[in-house]
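Reading the structure
Below, each chain spelled out in residue letters.
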Amino acid sequence: MEARAGTVGERTGVVIVGAGPAGLTLANLLRAGGVDCVLLETESREFIEQRPRAGFLEEWVVRGLERRGLAGPGLLGAQAHGDCEFRLEGEQHVFRYGELSGHRHFVYPQQLLVTDLVRAYADGAGGDVRFGVRDVALHGIGTDAPAVSFTDPRTGQHRSVTCDFVAGCDGARGVSRKAMTEHGAGVFRHDFGVGWLALLAEAPPSAQRVVFGLHSRGFAAHMARSPEVTRYYLECPPGDSPENWPHERVWSELRLRLGAHDATPLNEGALIERRVLDMHNYVVEPMSYGRLHLAGDAAHLVAPVAAKGMNLALNDALLLADAFLAHYADGDDGALNGYSETCLRRVWQYQEFNQWVSEILHGPSSGDPFRAGVAAARLRRMTRSERAGTALAGLYIGSDADH
Ligand SMILES: Cc1cc2nc3c(=O)[nH]c(=O)nc-3n(C[C@H](O)[C@H](O)[C@H](O)COP(=O)(O)OP(=O)(O)OC[C@H]3O[C@@H](n4cnc5c(N)ncnc54)[C@H](O)[C@@H]3O)c2cc1C
């Protein structure tokens, strides 16, 4: 790296860029394994500990965290879900994936997991984390001595950390993915052509399970987050403004799209988050170049159709931690060399399942009777055929996706 005048230099083993679920999990595991690392995050600690996003963790991920001492009592005691429900033309179709697969989702809001992981790393283990950093840039990832530079928010000083490896865990809007594509990685993207209005309501869940409303006016969903807060989604035109969705309109569309003959009425409440997601997926391939390895949303985005993103991010982090630990313990780079390929197997399985389910969710509102017919056929197969349902349950809960 061309040293900038006044830059303060440091050295560590691994620089982890981004303190989301992926970066924090990796940081904890490296710290526990005695590997020096520095974790850089552009936001404040308070901000990331309150940022609401995902809420469904697949059982195998929870067990993976538990085995490594990273599942606290909050997560292990979280409510478990083993079925979900589709509502179409007033009928309720229940998919009992827990019974079919033998595994459940744990409902644990992402911000609680992040809070647990920050506490374990920074407070419990005294790990090095720098919040609020600016101007993060990667250097020399194709060399044996890569570096990450940033501006320290407290002093305004420009700093550069030279390291053995960089872990790019900085999500969909970070800098790591760009560094990877500048070195020839492909970004393969799929756009759904729809938007989802993502809502958080201060209202108790209205059902004991996830509910998907399939409706000609657009898809809708209900997902528990806590006894007091529920996440809802409403399909909307891509690029729509949340301003177009005042309180009354939101609740009347939710009532309509999630309605069914025998359903209990929705518990309504104040909307504390209202933003439009541009529904798309992407995969960066390969996920490694030189000394840079991507993990989580930096490497792959899965629209929240089937609650996959956080689970994939954690899978990457667990694999990358094992690979780094093997490198530092005995110089074995087999897992590091195979990291991208191993992760991508599960990533593509999840992408495929996401595409498959997405057609059930969006077919009825597509305006195309053919797509609506396909959606209804898929729904029948999923909920009425035990053989098909068992295979799909394994994919939904992620227990049968590592190939
Ligand atoms: C509304 C919504 C609902 C979702 N629902 C679900 C769900 O139910 N189930 C599920 O599994 N997934 C869901 N997801 C996806 C899930 O939230 C993500 O997949 C998950 O956050 C990915 O974790 P990550 O650690 O890879 O990235 P992130 O959580 O995005 O973390 C990346 C971190 O890097 C930081 N950062 C960014 N740029 C830089 C930089 N240049 N330098 C340093 N730091 C940087 C960011 O501030 C952030 O803290 C949802 C997402 C959204 C938006």
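Not measured: the values here are computed from a predicted model.

A few words on the overall build of the protein chain. Check the secondary structure of the protein chain and you find 13 helices and 21 strands. In terms of overall size, the protein chain behaves like a compact globule, its C-alpha atoms giving a radius of gyration of 22 Å where 403 residues would be expected to give roughly 22 Å. Judged by the C-alpha coordinates and their principal axes, the protein chain covers about 65 × 45 × 40 Å. By the burial criterion, 55% of the 403 residues in the protein chain qualify as buried. By sequence separation, contacts in the protein chain at least 24 residues apart represent 72% of the contacts at least 6 residues apart. If the 40 positive side-chain charges of the protein chain are averaged to one point and the 50 negative ones to another, these points end up 2 Å apart.

Between helix 1 (residues 21-32) and helix 6 (residues 110-124), the shortest axis-to-axis distance is 9 Å and the interhelical angle comes to 25°. Here helix 1 lies roughly parallel to helix 6, going by the angle between them. Of the two possible hands of crossing, helix 1 and helix 6 adopt the one that is left-handed. Where helix 1 abuts helix 6, its residues Pro 21, Leu 24, Thr 25, Ala 27, Asn 28 and Arg 31 lie against Gln 110, Val 114, Leu 117, Val 118, Ala 120 and Tyr 121.

A separate point is the domain arrangement of the protein chain. Entries for the protein chain in the domain assignment read domain 1 (8-53 + 109-188 + 281-351) and domain 2 (75-108 + 193-279 + 368-396). For domain 1 and domain 2, the distance between their C-alpha centroids amounts to 31 Å. Listed per partner, the contact involves 14 residues of domain 1 and 16 residues of domain 2. Summing both sides of the interface, domain 1 and domain 2 together bury roughly 1200 Å²; the carbon and sulfur share of this comes to 58%. Inspection of the domain 1/domain 2 interface yields zero salt bridges.

Right, let's get into the site of the ligand. Near the ligand there are 37 residues, and of these Glu 41, Arg 51, Gln 110, Asp 297 and Met 310 occur at the shortest range. Within the contact set of the ligand, an oxygen atom lies 2.6 Å away from a side-chain nitrogen or oxygen of Arg 51. At a separation of 3.2 Å, an oxygen atom of the ligand approaches a polar backbone atom of Ala 307. Summarising the interface, the protein chains cover 93% of the accessible area of the ligand, which totals 1000 Å² for the free molecule. Among the elements of the structure, helix 1, strand 17 (230-236), strand 18 (270-285) and helix 9 (309-330) are those that each provide at least two residues to the shell around the ligand. It is helix 9 that contributes the most residues to the shell around the ligand, four residues altogether. Residues of the shell around the ligand, tallied by class, amount to 17 nonpolar, 10 polar and 10 charged.

For the rest of this paragraph, the subject is the packing of aromatic side chains. A complete count under the given rule lists 11 aromatic pairs for this structure. Three or more aromatic residues link up through ring pairs in this structure, and these residues are Phe 86, Trp 196, Phe 212, Phe 219 and Tyr 233. When the ring centre of Phe 165 is taken as reference, the NZ or CZ atom of Arg 291 above it lies at 4.9 Å. For Lys 308, the ring lying beneath its charged end belongs to Tyr 350, and the centroid distance is 4.0 Å.

With that settled, the discussion passes to the environment of Met 287. You can see Met 287 is positioned in the loop between strand 18 and strand 19 (288-289). Classification of Met 287 as buried rests on a relative accessible area of 0%. In contact with Met 287, other than residues within four places in its own chain, are Met 180, Leu 292, His 293, Leu 294, Ala 299, His 300, Asp 316, Tyr 339, Ser 340, Cys 343 and Leu 344.

Here the focus is the environment of Val 17. Inspection of the secondary structure puts Val 17 in strand 2 (residues 14-17). As a C-alpha pair, Val 17 and Pro 242 span 225 residues in sequence and 31 Å in three-dimensional space. What Val 17 contacts, discounting residues up to four positions off in sequence, is Leu 40, Val 136, Leu 138, Val 148, Val 166, Ala 167, Gly 168, Cys 169, Asp 170 and Ser 176.

Strand order in the open sheet made by the eight strands is 7-6-15-16-17-14-18-21, with mixed pairing throughout. Because the sheet does not close on itself, it has two edges, and the strands there are strand 7 (91-95) and strand 21 (300-301). Docked against the sheet, helix 11 (residues 339-362) engages strand 6 (84-88), strand 14 (186-202), strand 15 (210-214), strand 17, strand 18 and strand 21, running at close to 130° with respect to strand 18. Along the sheet, helix 12 (residues 369-384) makes contact with strand 6, strand 7 and strand 15, crossing strand 7 at roughly 55°.

Moving on to the pattern of salt bridges. Considering all chains together, one arrives at 26 salt bridges under this definition. Of the charged contacts, one joins Asp 152 and Arg 154 as a salt bridge, the two residues approaching to 3.4 Å between their closest N and O atoms. Taking the relative accessible area as the measure of exposure, Asp 152 reaches 7% and is therefore buried. Linking Glu 268 and Arg 255 is a salt bridge whose minimum nitrogen-to-oxygen distance equals 2.4 Å. A residue pair is termed long-range when its members are at least 10 positions apart, and Glu 268 in the loop between helix 8 (247-257) and strand 18 and Arg 255 in helix 8 qualify at 13 residues. Note on Arg 255: relative accessible area 39%, which makes it partly exposed.

What counts and what doesn't
- Residues numbered from 1 in each chain as written.
- Predicted model: local features only at pLDDT ≥ 70, side-chain atom pairs only at ≥ 80, totals over all residues.
- Heavy atoms only, no water.
- Helix = DSSP H or I, 4+ residues; strand = E, 2+ residues; numbered from the N terminus.
- Rg over C-alpha atoms; globule rule 2.2 N^0.38 Å.
- Buried < 20%, exposed > 50% of the residue type's maximum accessible area, 1.4 Å probe, protein only.
- Contact = heavy atoms within 4.5 Å.
- Lys, Arg positive; Asp, Glu negative; His and termini not counted.
- Charge placed at Lys NZ, Arg CZ, Asp CG, Glu CD.
- Axes fitted to C-alpha atoms, helices over the stretch in contact; angles between N-to-C directions.
- Parallel < 35°, antiparallel > 145°, perpendicular 65-115°, else oblique.
- Left-handed = near helix turned anticlockwise from the far one by under 90°.
- Domains from an automatic or database assignment.
- Buried area = accessible area lost by both parts, 1.4 Å probe.
- Salt bridge = Lys/Arg side-chain N within 4 Å of Asp/Glu carboxyl O.
- Near = heavy atom within 4 Å.
- Polar contact = N/O pair within 3.5 Å; in protein donor to acceptor, adjacent residues only side chain to side chain.
- Areas by Shrake-Rupley, 256 points an atom, 1.4 Å probe, with all protein chains shown as cover.
- Nonpolar A, V, L, I, M, F, W, Y, C, P; charged D, E, K, R; others polar.
- Phe/Tyr/Trp six-rings, centres within 6.5 Å; stacked < 30°, edge-to-face > 60°.
- Lys NZ or Arg CZ within 6 Å of the ring centre and 35° of its normal.
- Pairing = 2+ DSSP bridges.

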